[in-house]
Amino acid sequence: QDLPDFVALHTKAGEYLDDCVFSDLALLYSPGKLSIIAVWLALLDLKKNDKGAAVKKEEEDEVGGAYGASASLPKGNWSKMDLKGYIAKRFKVKYDEAKVGALVEHVEKGVELGKTLRTD
């Protein structure tokens, strides 16, 4: 089975995290949320690269939206990764559904702002 390359995800997320820290996002989000935003953006890049084309609108909800991918990104089985679902399940144990939904919505707004950091 073609498994995702988590080193690629880590590397790409690190690039986004650098961009986030040196932007206004660092004033709007806590370090933990900046990390989630960076991983989310990196995952969007990797998913788009796997498909080789733009992510369809109905599939965007899986991780919060589509973003341009670099041609140098490795292909892997990224389409099965659901970061939004992970966040919801991870925090649902300790917090009620409304709080988890508010967290996901807050992070999604950060992802939308993060998309403007890069044009590659």
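One structure accompanies this document, and this report is about it. Keep in mind it's a predicted model, so treat the numbers as computed, not measured. (Residues numbered from 1 in each chain as written. Predicted model: local features only at pLDDT ≥ 70, side-chain atom pairs only at ≥ 80, totals over all residues. Heavy atoms only, no water.)

### Notes on the packing of helix H5 (residues 83–92) against helix H6 (residues 97–114)
(1) Moving on: Orientation of H5 relative to H6, taken along the N-to-C sense of each, is 145°, at an axis distance of 9 Å. The element H5 and its partner H6 pack so that their crossing is right-handed. Mapping the contact onto sequence places Lys 84, Ile 87, Ala 88, Phe 91 and Lys 92 in H5 and Glu 97, Val 100, Leu 103, Val 104 and Glu 108 in H6.
(2) Moving on: Its residues assigned to classes, the contact of H5 with H6 comprises 6 nonpolar, no polar and 4 charged. (Axes fitted to C-alpha atoms, helices over the stretch in contact; angles between N-to-C directions. Helix = DSSP H or I, 4+ residues; strand = E, 2+ residues; numbered from the N terminus. Left-handed = near helix turned anticlockwise from the far one by under 90°. Contact = heavy atoms within 4.5 Å. Nonpolar A, V, L, I, M, F, W, Y, C, P; charged D, E, K, R; others polar.)

### Structural notes on the side chain of Ser 23
(1) Moving on: Relative to the assigned elements, Ser 23 resides in the loop between helix H1 (6–21) and helix H2 (25–28).
(2) Moving on: Given the relative accessible area of 18%, Ser 23 is considered buried.
(3) Moving on: At 3.4 Å, the side chain of Ser 23 forms a polar contact with the backbone oxygen of Asp 19. (Buried < 20%, exposed > 50% of the residue type's maximum accessible area, 1.4 Å probe, protein only. Polar contact = N/O pair within 3.5 Å; in protein donor to acceptor, adjacent residues only side chain to side chain.)

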